[in-house]
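Residue-level structural notes
Here is how the chains run, residue by residue.
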Amino acid sequence: MSETTTTHGHAGHDHTGSRSASASAQASAASSMPAPATRDPRLPRLREVPAFLEYMATGWDAPDRTPPVEPGVAAASAAHRARLSAALPGRTIVVAAGRAPVRANDTNYDFRPDSDFFWLSGCSAEDAVVVLTPAGTGHDATLFVPAPAYPGNPDFFANAMHGELWVGSAPDMPDWAAALEIEVKPLDRLDEVVGRADDVQLTGTLNSELAALRGIRRSAELGRVLAELRMIKDEWEVEELRRAVDSTVNGFRSVIREIPNAIEFGGERWLQGTFDRHARTFGNGPGYSTIVGSAEHAPTLHWVRCDGPVKPDELLLLDMGVENRTYYTADVTRTFPASGTFSAAQREVHDLVERSHRAGLAAVVPGRPFTDFHTAAMEVIANGLSDWGLLPVSVDEALSPEGQHHRRYLVCGIGHHLGLDVHDCAQSSYEAYQGATMTPGMVLTVEPGLYFHAFDTTVPPELRGVGVRLEDDILVTTGGSEVLSAALPIDAVGIEHWMRAA
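Below, the structure is looked at part by part. (Residues numbered from 1 in each chain as written. Predicted model: local features only at pLDDT ≥ 70, side-chain atom pairs only at ≥ 80, totals over all residues. Heavy atoms only, no water.)

1. Comments concerning the overall build of the chain
What the chain contains, in helices and strands, is 16 helices and 17 strands. Rg of the C-alpha trace for the chain: 26 Å, near the compact-globule value of 23 Å for 502 residues, within the 12% margin. Projected onto its principal axes, the C-alpha positions of the chain cover 80 × 60 × 40 Å. Within the span of the chain, comprising 502 residues, buried residues form 53% of the whole. Considering only contacts within the chain whose residues lie at least 6 apart along the sequence, 70% involve residues at least 24 apart. Accessible surface computed for the chain: about 21,600 Å², of which carbon and sulfur atoms make up 51%. Side-chain charges in the chain split into 41 positive and 67 negative, and the spacing between the mean points of these groups amounts to 2 Å. (Helix = DSSP H or I, 4+ residues; strand = E, 2+ residues; numbered from the N terminus. Rg over C-alpha atoms; globule rule 2.2 N^0.38 Å. Buried < 20%, exposed > 50% of the residue type's maximum accessible area, 1.4 Å probe, protein only. Contact = heavy atoms within 4.5 Å. Areas by Shrake-Rupley, 256 points an atom, 1.4 Å probe, with all protein chains shown as cover. Lys, Arg positive; Asp, Glu negative; His and termini not counted. Charge placed at Lys NZ, Arg CZ, Asp CG, Glu CD.)

Right under this line is the structure:
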């Protein structure tokens, strides 16, 4: 990776250009090398060399600066803003995109905009802020983005966060305005709007330390309202989720084809890398850390280390989701026999989880309590464990709030909302989430499982190290529900056939 210090020392020290002082101050904290106490003529600071500045200011054509905006984003974002405006009339609403978290020194992780911010703006610009200002019976919306650094501005070559020679072509305000059909202003004018407002409701990813937002407390109310609005997906969002699920199913197919290589030399990480490459190629990337658990790793709920071998005669649990380029993600799990055929013991566990899963899916119906699919799936699990002699109490005692013995083998939840975040709408109230009824437009997961750890002495030896999970993505419809991930079979025979056809 290129190093920033040889170009500009501590980036942004002279605050040249039209970026806000707070953004420049942040940049100054990050460097790949220490700055000298006195100027070193062997490593001149390029932004301080007049001849170089003059030469770098000329001789450049304008690159293609079309913003990366997917079809339908502008109209969908406008509709989302209208819904929020109706929910919070008369309030000044400010939502920040945030910036990429630091990995080390001047190297960052990939940037992904805050989900609430993107839902309202459709913009993927780092450090951007969207503001809804009361106007008449609704709101006017303005998007504030950092001013790009073009030729003639030393940041063009000297700023590793915003300079085009570092990050590639950077859309200007008119480019964003045309693509997103929203008024766009430079970020350093944010205070002109926010500073005049009396009742500012603020949320988003607040790690940019923008001067205009200092002293404004995060609004729990705004976060809750946005989460609850996002629970009901519009038609455009549903189609985005369909695309994410379809791409995920194709990713499963790519992973299954690589099982022989994973057994021979690559292990779990070969399969994790296979899916992550697929997700990055056909979407924005994986929607969460890809889980690949072979053998005794399968019962570990979030096995993202993926540092073990793939054992040929054991189960392989794959929990994977593609996040598409509008940031909507799938979340699908299947458990496969690495050999292509379930053993008798593996099949017995898988069959019980399948029955539980089908019971949960059948309970996803509009008007029913959100918790019904949880209850239906757990009843099947508890009865099955009792039939195997694995419960120390009766089924009724296990299912009671004072018992829950069956949960020893299933300590996680078995479903959640899905959308821009894999665990979507987490800031909503309990009453609107677990305490609510299922409503058309909701997209959720159902994901029961059984996790028999290799070191659990309550489990017969033949079941130790067996972990099975089945997870589908479901759209609640007016007449029932639709399993968006139905292209992947859930029965053992179907899974074996699908593996051979992959």
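Once the structure has been displayed, the description carries forward.
2. Comments concerning the nonpolar core
Of all hydrophobic cores here, the largest spans 116 residues; its most connected members are Leu84 and Leu143. It is helix 11 (residues 235-257) that contributes the most residues to this core, 9 residues altogether. Apart from residues no more than four positions distant in its own chain, leucine 143 is found in contact with Phe117, Ser121, Cys123, Ala128, Val129, Val130, Leu180, Ile182, Glu183, Val184 and Lys185. Counting 14 residues, the second largest nonpolar core, distinct from the first, contains Phe144, Leu187, Val194 and Val200. (Core = buried A, V, L, I, M, F, W, Y, C linked by side-chain atoms within 4.5 Å.)

3. Remarks on the packing of helix 13 (residues 344-362) against helix 16 (residues 492-501)
Here helix 13 crosses helix 16 at 110 degrees, and the two axes come no closer than 10 Å. Comparing their axes, helix 16 and helix 13 come out roughly perpendicular. Here Arg347, His350, Asp351 and Glu354 of helix 13 come into contact with helix 16, specifically with Ala492, Val493 and Ile495. The residue inventory of the contact of helix 13 with helix 16, partitioned by class, reads 3 nonpolar, 1 polar and 3 charged. (Axes fitted to C-alpha atoms, helices over the stretch in contact; angles between N-to-C directions. Parallel < 35°, antiparallel > 145°, perpendicular 65-115°, else oblique. Nonpolar A, V, L, I, M, F, W, Y, C, P; charged D, E, K, R; others polar.)

4. As for the pairing of strand 9 (residues 291-294)
Side-chain alternation along strand 9 places Ile291 and Gly293 on one buried face and Val292 and Ser294 on a second face that is also buried. Taken together, the 4 bridges between strand 9 and strand 10 (residues 315-320) define a ladder with antiparallel strand orientation. By the bridge assignment, serine 294 is partnered in strand 10 with leucine 316. (Pairing = 2+ DSSP bridges.)

5. Considering the packing of helix 11 against helix 12 (residues 259-282)
Where helix 11 meets helix 12, the axes come as close as 8 Å, and the angle between the chain directions of the two elements is 160 degrees. Of the possible angle classes, the one that applies to helix 11 and helix 12 is roughly antiparallel. In terms of crossing hand, the pair formed by helix 11 and helix 12 is right-handed. Across the interface between the two elements, Ser247, Thr248, Asn250, Gly251, Phe252, Ser254, Val255, Ile256 and Arg257 of helix 11 pack against Ile259, Pro260, Leu271, Thr274, Phe275, His278 and Phe282 of helix 12. Taken together, the residues of the contact of helix 11 with helix 12 break down into 8 nonpolar, 7 polar and 1 charged. (Left-handed = near helix turned anticlockwise from the far one by under 90°.)

6. Observations regarding the sheet that holds strand 13 (residues 443-446)
Either a parallel or an antiparallel arrangement is found when strands of a sheet pair, and the pairing is made through backbone hydrogen bonds. If you walk across this open sheet you meet the 3 strands as 13-16-17, and the pairing is antiparallel. If you trace the sheet from one side to the other, it starts and ends with strand 13 and strand 17 (481-483), each paired once. Sheet twist, expressed as the average angle between the axes of neighbouring strands with direction ignored, equals 35 degrees. Sheet analysis places strand 13 next to strand 16 (residues 472-476), joined by 4 bridges and oriented antiparallel. Each bridged residue has a counterpart across the sheet, and for threonine 445 the counterpart in strand 16 is aspartate 473.

7. Focus on the side chain of threonine 203
Topologically, threonine 203 is positioned in strand 7 (residues 200-204). Looking at threonine 203, its side chain comes within polar contact range of the side chain of arginine 218, at 3.2 Å. (Polar contact = N/O pair within 3.5 Å; in protein donor to acceptor, adjacent residues only side chain to side chain.)

8. Focus: helix 11
For helix 11, built from 23 residues, the straight-helix expectation of 33 Å at 1.5 Å per residue is met to within 8% by its first-to-last C-alpha distance of 34 Å. Of the residues that open helix 11, the one with a side-chain oxygen 3.2 Å from the backbone nitrogen of tryptophan 236 is aspartate 234. (Expected span 1.5 Å × (residues − 1).)

9. Digging into the pairing of strand 7
Most of strand 7 sits out of view: 5 of its 5 residues are buried. When strand 1 (residues 92-96) meets strand 7, the two strands line up parallel, connected through 5 bridges. Among the inter-strand pairings, valine 94 is bridged to a residue of strand 7, identified as leucine 202.

10. Notes on the sheet that holds strand 10
Pairing within the open sheet is antiparallel, and its 3 strands lie in the order 9-10-12. Strands at the two margins of the open sheet, each flanked by one partner only, are strand 9 and strand 12 (332-337). Taking the axes of each pair of neighbouring strands and ignoring which way they run, one obtains an average angle of 10 degrees across the sheet.

11. Quick look at the packing of aromatic side chains
What the rule picks out here adds up to 10 aromatic pairs. Seen from their ring centres, phenylalanine 252 and phenylalanine 336 are 6.2 Å apart, and the 50 degrees between their planes marks the pair as tilted. Of this pair, phenylalanine 252 sits in helix 11 while phenylalanine 336 sits in strand 12, placing them 84 residues apart in sequence. Across the pair, phenylalanine 336 and phenylalanine 252 agree in class, each one buried. Here the aromatic residues Phe252, Phe336 and Trp498 are joined through ring pairs into a cluster of three or more. Above the ring of tyrosine 150, the side-chain terminus of arginine 65 is found at 3.6 Å from the ring centroid. (Phe/Tyr/Trp six-rings, centres within 6.5 Å; stacked < 30°, edge-to-face > 60°. Lys NZ or Arg CZ within 6 Å of the ring centre and 35° of its normal.)

12. Some thoughts on the pattern of salt bridges
Tallied over the entire structure, the rule returns 27 salt bridges. For arginine 42, the salt bridge goes to aspartate 40, with nearest N and O atoms at 3.0 Å. Since its relative accessible area comes to 71%, arginine 42 is described here as exposed. Note that aspartate 127 and arginine 99 form a salt bridge whose closest N and O atoms lie 2.7 Å from each other. Within this pair, whereas aspartate 127 is found in the loop between helix 5 (115-121) and strand 4 (129-135), its partner arginine 99 is found in the loop between strand 1 and strand 2 (102-104), the two being separated by 28 residues in sequence. For the pair aspartate 127 and arginine 99, a shared accessibility class is recorded, and that class is buried. The network of salt bridges with common partners includes Asp116, Arg230, Lys233, Asp421 and Asp424. (Salt bridge = Lys/Arg side-chain N within 4 Å of Asp/Glu carboxyl O.)

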